[in-house]
Amino acid sequence: MLLDYTKLKLNLLIDGVNPENENLIGRMSGAGPTGGRYFLLENGSCVNIPLWTKNSKYSRFWIKKFDDQNNLFQLFDDKKLITTLKLIPRPKFYDLNTSDNIKMSKIAMLHGENCLASTIYQKCIYWSQGKACEFCGIELSLRSNSTILEKTAKQLSEVLDKSIKEGVCEHMTLTTGTPNTSDKGAKKFMPILKELKRKFSVPIHIQLEPPENQIIIEDLYSSGADTIGIHAETLDPLIFHKICPGKSEIGLKKFKEIWNYSVEIFGKEQVSSYLLLGLGESLESLQKGAHYLIEHDVIPYIVPVRSILETNFENVQQKNFQQIYNLYKDVNNHLKKHNLDPRQNKAGCVRCGACSIITDFYNIKIESKNEN
Ligand code: SF4
């Protein structure tokens, strides 16, 4: 029977893999979906597999390395061999230093197959107010000294240069914790964007909360950002308030205003929002939120949330796998119905695709490769 790689990818994103017996190392904490490593499935799709989360150690999936040279692993579902995975190797630039003597892996890391990603400011006002998003690990990597508080344009430019020369970078994701300013960190992005765009032609994705003044979105675009992520995580106000006590104070009305303005400035398919699976929201409500975004030309990047170690967050166990898969299928049909193609996204998470199966449905032709 043909293996449905899109279903397998979703399974791996939700359940993770028990990495026991394989001495893999990786990003244990920080912003976004951490606690995993990136693998290529046999159909060429990249997946950010949770290896070090609260759930992954109980996963029925496990791996066994069988080809050191090519980083190939066998993937087992309990006792059954399922397929082969290719690990994206740890890039060499990680062990280089910037001209101010900072290890480059503390400035930016490789995400997915070819996305250089960095958190330009590693603190968030909500952490200091005790209102952090429950699933977030942004300040944990600072505490573990695996990164530094604030990255400069010069440091990021040096790392980008090395990653391009090593042939591992084709686009970039820059995210930020939220400082206590009405621009939500936008002004920290601008000198970095201008410097990187002055030297490189790599498309750049930025992520931040909705700034109070929408003009800032124009300034970010004219500074050189190609795509933007304004992440609400959910469009259910009760869940939003419960899971993101600080961020939800902005209100979904502001998110909607800034999404609309961002689509005007960046263009359709270049604006996205994470919607997290496993926050306790019903699938119907999540579907409604995704449809709202699509009908406003914003790409809903639906990602199974992770229970990152050292956070108090326990994601809500996903029992109804087939319903979740059908939700993704429905959202994909709605994207097509509204002529919104995530493959047109120039940079960042939507282009990378490692944390979601939102784009995998489009790669139907890839699936057929298995018939040979
Ligand atoms: S989808 Fe985004 S967060 Fe996930 S690996 Fe890719 S760049 Fe990183």
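Residues numbered from 1 in each chain as written. Predicted model: local features only at pLDDT ≥ 70, side-chain atom pairs only at ≥ 80, totals over all residues. Heavy atoms only, no water.

Participant: So what exactly am I meant to see when it comes to the pairing of strand β2 (residues 46-50) here?
Facilitator: Regular strands show a simple pattern: their side chains alternate between the two faces of the sheet. In terms of residue burial, β2 counts as a mostly covered element, since 5 of its 5 residues are buried. Residue alternation in β2 divides its side chains into two sets, Cys 46, Asn 48 and Pro 50 and Val 47 and Ile 49, and both sets are buried. Sheet analysis places strand β1 (residues 36-40) next to β2, joined by 5 bridges and oriented antiparallel. Bridging across to β2, Leu 40 finds its partner in Cys 46. Count of turn residues in the β1/β2 antiparallel hairpin: 5 residues, of which Gly 44 carries a positive phi of about 90°. (Buried < 20%, exposed > 50% of the residue type's maximum accessible area, 1.4 Å probe, protein only. Helix = DSSP H or I, 4+ residues; strand = E, 2+ residues; numbered from the N terminus. Pairing = 2+ DSSP bridges.)

Participant: What's the story with the confidence of the model for the protein chain in this structure? I'm lost.
Facilitator: Low-pLDDT stretches of the model should not have their predicted coordinates read in fine detail. Taken over all residues, the pLDDT of the protein chain has a mean of 94, while the share at 70 or more is 95%. Overall, residues 365-372 carries pLDDT values under 50, and its contacts beyond four positions in sequence, including any with other chains, amount to 11 contacts. (pLDDT = per-residue confidence, 0-100. Contact = heavy atoms within 4.5 Å.)

Participant: Looking at this structure, how should I read the packing of helix α5 (residues 186-199) against helix α6 (residues 215-223)?
Facilitator: Packed helices, taken two at a time, are described by their axes: the angle between them and the distance between them. Remark: α5 packs on α6, axes separated minimally by 8 Å, with the N-to-C direction vectors making an angle of 20°. It follows from the interaxial angle that α5 and α6 lie roughly parallel. When the axes of α5 and α6 are compared, the crossing they make is left-handed. Between α5 and α6, the contacting residues are Ala 186, Lys 187, Phe 189, Met 190, Leu 193, Lys 194 and Lys 197 on the first element and Ile 216, Asp 219, Leu 220 and Ser 223 on the second. (Axes fitted to C-alpha atoms, helices over the stretch in contact; angles between N-to-C directions. Parallel < 35°, antiparallel > 145°, perpendicular 65-115°, else oblique. Left-handed = near helix turned anticlockwise from the far one by under 90°.)

Participant: How should the sheet that holds β1 be read in this particular structure?
Facilitator: For sheets, the rule is that strands pair by backbone hydrogen bonds, running either parallel or antiparallel. On the basis of which strands lie adjacent, the open sheet formed by 5 strands has the order β2-β1-β5-β4-β3 and antiparallel pairing. Edge positions in the sheet fall to β2 and β3 (61-67), since each of these pairs with one other strand and no more. Direction aside, neighbouring strands of the sheet carry axes that sit 45° apart on average. Two strands pair when backbone bridges link them, and β3 and strand β4 (residues 72-77) are joined in this way by 6 bridges, in the antiparallel orientation. Note on β4: the bridge partner recorded for Trp 62 is Phe 76. Strand contacts of helix α1 (residues 5-15): β2, β3, β4 and β5 (80-87), with the helix running at about 30° to β2, the strand carrying the most contacts.

Participant: Help me out: how do you make sense of the pattern of salt bridges in this one?
Facilitator: For side chains of opposite charge, pairing can occur when their charged atoms come near one another. Evaluation of the coordinates by the stated rule reveals 18 salt bridges. Lys 65 serves as the salt-bridge partner of Asp 68, at 3.0 Å between the closest nitrogen and oxygen. You can call Asp 68 exposed: its relative accessible area is 59%. With its nearest N and O atoms 2.8 Å apart, the salt bridge here joins Glu 233 to Lys 247. Highlighted residues: Glu 233 in the loop between β10 (227-229) and α7 (237-243) and Lys 247 in the loop between α7 and α8 (252-266), separated in sequence by 14 residues. The burial state of Glu 233 is the same as that of Lys 247; both residues are buried. Several salt bridges converge on common partners, so that one network encompasses Asp 15, Arg 60 and Asp 77. (Salt bridge = Lys/Arg side-chain N within 4 Å of Asp/Glu carboxyl O.)

Participant: Which parts of the structure should I look at to understand the site of the ligand?
Facilitator: Around the ligand, the surrounding shell consists of Pro 33, Tyr 38, His 111, Gly 112, Thr 173, Tyr 274, Tyr 301, Cys 349, Cys 352, Ala 354 and Cys 355. When grouped by side-chain class, the residues that make up the shell around the ligand number 8 nonpolar, 3 polar and no charged. (Near = heavy atom within 4 Å. Nonpolar A, V, L, I, M, F, W, Y, C, P; charged D, E, K, R; others polar.)

Participant: Before we go on, may I ask you to explain the packing of aromatic side chains in this structure?
Facilitator: Enumeration over the complete set of coordinates arrives at 10 aromatic pairs. Consider the rings of Phe 39 and Phe 73, whose centres lie 5.8 Å apart with planes at 85°: the pair is edge-to-face. Taken together, the residues span a long stretch of sequence, with Phe 39 in strand β1 and Phe 73 in strand β4 at a distance of 34 residues. Residue classification places Phe 39 among the buried residues on the basis of a relative accessible area of 0%. Its relative accessible area of 1% is what places Phe 73 among the buried residues. Ring centres 6.2 Å apart and planes at 80° place the aromatic pair Phe 135 and Phe 313 in the edge-to-face group. Separated by 178 residues along the polypeptide, Phe 135 in the loop between α2 (125-128) and α3 (140-143) and Phe 313 in the loop between β12 (299-304) and α10 (321-337) bring together distant segments of the chain. The same class applies to Phe 135 and to Phe 313, which are both buried. (Phe/Tyr/Trp six-rings, centres within 6.5 Å; stacked < 30°, edge-to-face > 60°.)

Participant: Would you explain the packing of α1 against α10 in this entry?
Facilitator: At a minimum axis separation of 11 Å, α1 and α10 run at an interaxial angle of 115°. The handedness of the crossing between α1 and α10 comes out as right-handed. Taken together, the residues of α10 that come into contact with α1 (itself represented by Thr 6, Lys 7, Leu 10, Asn 11 and Ile 14) are Phe 321, Gln 322, Ile 324, Tyr 325 and Tyr 328. Here the contact of α1 with α10 is composed, by residue class, of 6 nonpolar, 3 polar and 1 charged.

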